[in-house]
Amino acid sequence: RIKSDNFIDILYKKLAKTQFHLKDYASSEKNYELYLEKVPDDIDAWIELGETQRQAGLYQKALKSFEQASSLDSSNDLANRSILETKNNILSIYSPEKAQSEKNEHAQENLRKALDMTIKYMTPEFMQGLKDVTVQFGETASMGGTSNIAQYENHKKAITISNSYIYAAPQVIAAYLSHESVHAHDNDAYTSIREEQDAYQVAAKFWMQNSNGVKDPEMDYAVSLYQQSPSKLNDRVAEIYKLRDPEIAET
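Being a predicted model, the structure only gives us computed values, none of them experimental.

Asks: Describe the packing of helix α2 (residues 25-38) against helix α3 (residues 43-55), naming the residues involved and giving the relevant values.
Replies: Where α2 meets α3, the closest approach of the two axes is 9 Å, and the angle between their N-to-C directions is 155°. Put simply, α2 runs roughly antiparallel to α3. Considering the relative orientation of α2 and α3, their crossing is left-handed. Across the interface between the two elements, Y25, S28, E29, Y32, E33, Y35 and L36 from α2 touch A45, W46, E48, L49, T52, Q53 and Q55 from α3. For the contact of α2 with α3, the per-class residue count stands at seven nonpolar, four polar and three charged.

Asks: Residues and numbers for the sheet that holds strand β4 (residues 150-153), please.
Replies: The mixed open sheet is built from three strands, whose spatial order is β1-β5-β4. Unpaired on one side and paired on the other, β1 (134-138) and β4 mark the two borders of the sheet. For this sheet, the mean inter-axis angle between neighbouring strands, taken without regard to orientation, is 25°. In the sheet, β4 pairs with strand β5 (residues 158-162) via four bridges, with the strands oriented antiparallel. Bridge assignment links Q151 to a residue of β5, and that residue is T160. Relative to the sheet, helix α8 (residues 170-186) contacts β1, β4 and β5, its axis offset from that of β5 by approximately 150°.

Asks: Break down the pattern of salt bridges for me, with residues and values.
Replies: Throughout the structure, instances matching the rule amount to 13 salt bridges. R54 is paired through a salt bridge with E85; the nearest N and O atoms lie 3.7 Å apart. Here R54, found in helix α3, pairs with E85, found in helix α5 (residues 77-94); they are 31 residues apart in sequence, far enough to count as distant. Between R236 and E239 there is a salt bridge, with the nearest N and O atoms lying 3.0 Å from each other. Remark: E239 and R236 occur in helix α11 (residues 230-244); sequence separation between them is three residues, near one turn of the helix. Under the relative-accessibility criterion, R236 is labelled partly exposed at 29%. Where salt bridges share partners, they join E51, R54 and E85 into one cluster.

Asks: Lay out the packing of helix α9 (residues 193-210) against helix α10 (residues 217-228) in plain terms, naming residues and giving numbers.
Replies: Packing of α9 against α10 leaves a shortest axis separation of 9 Å and a crossing angle of 100°. By the angle between their directions, the pair α9 and α10 is classed as roughly perpendicular. Across from Q201, A203, A204, K205, W207 and M208 in α9, the residues of α10 making contact are M219, D220, A222, V223, Y226 and Q227. Residue classes in the contact of α9 with α10 are distributed as eight nonpolar, two polar and two charged.

Parameters at a glance
As a convention, each chain's residues are numbered from 1 in the sequence order in which they are written. The predicted nature of this model means local features are confined to residues of pLDDT at least 70 and side-chain atom pairs, given and counted, to a pLDDT of 80 or more, with totals for whole chains, interfaces and linings taken over all residues. Hydrogen atoms and water are omitted, and side-chain values are computed over all heavy atoms in the structure. Lines are fitted to the C-alpha atoms to define the axes, a helix being fitted only along its stretch in contact, and any angle between axes, read from their N-to-C directions, falls within 0 to 180 degrees. Helix numbers and strand numbers start at the N terminus; a helix is a DSSP run of H or I with at least 4 residues, a strand a run of E with at least 2. An angle counts as roughly parallel when it lies under 35 degrees, as roughly antiparallel when it exceeds 145, as roughly perpendicular when it falls between 65 and 115, and as oblique in every other case. Take the far helix as your reference; a near helix turned counterclockwise from it by less than a right angle gives a left-handed crossing, and one turned clockwise gives a right-handed crossing. Contact criterion: two residues are considered in contact whenever any of their non-hydrogen atoms come within 4.5 Å of each other. Under the convention adopted here, Pro, Cys and the residues Ala, Val, Leu, Ile, Met, Phe, Trp and Tyr are nonpolar, Asp, Glu, Lys and Arg are charged, and Gly plus all remaining residues are polar. In short, DSSP must find at least two bridges between two strands for them to pair. Counted as salt bridges are all cases of a side-chain nitrogen of Lys or Arg within 4 Å of a carboxyl oxygen of Asp or Glu. Exposure is judged per residue with a 1.4 Å probe applied to protein chains only, and the accessible area is read against the type maximum: over 50% gives exposed, under 20% gives buried, and values in between give partly exposed.

As structure tokens, then:
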């Protein structure tokens, strides 16, 4: 991450982020722009500015911001999928039906590619146990005000990937499918610290073998911990899930 030594610059970025969460998009955009005048190589800030503009309906400006982020790092999946999603937003203004059709086709093809990757990575015996599980894009539950990237619902026998990941690289989607497949394979409605640790380790190992240079903050962080030692990743997972649910079972 790019860091500025100027305290005022950092305040602009923090203020912009706060204003975004308050949905004061005009003020947020202004402060991101002030920050980026001084720190133009901050990829995260360009992406955050683009998302601010996209939420405000300023799609052409958002597209330029995302493209600037991608020009700084073409492997950044968030920048790249934001470009594709914003182009679909622009298309929806002129041709809503065509935009929806394009999005549906992209979702189906992307999910097919991600499933192929997951099936090739997992053992046939493991995948046999998931033959009745549905995999789909859709709305996911929120935890702490943030929607889950992916989730498994035992009563539906379904793994759902957040709609916000429709335009993600297939290997990103596959990493989350591999995570949720551990929960699906357990075949009950409950999770535990151990189950989450197992799922994160499977996803981290998948990502190490299949990322192919694509950068995803969540997966990259999990891998960085795993490479230090599996126990480092396990400790962090335990810490996060105990904060979310103090009553969560160990096993």
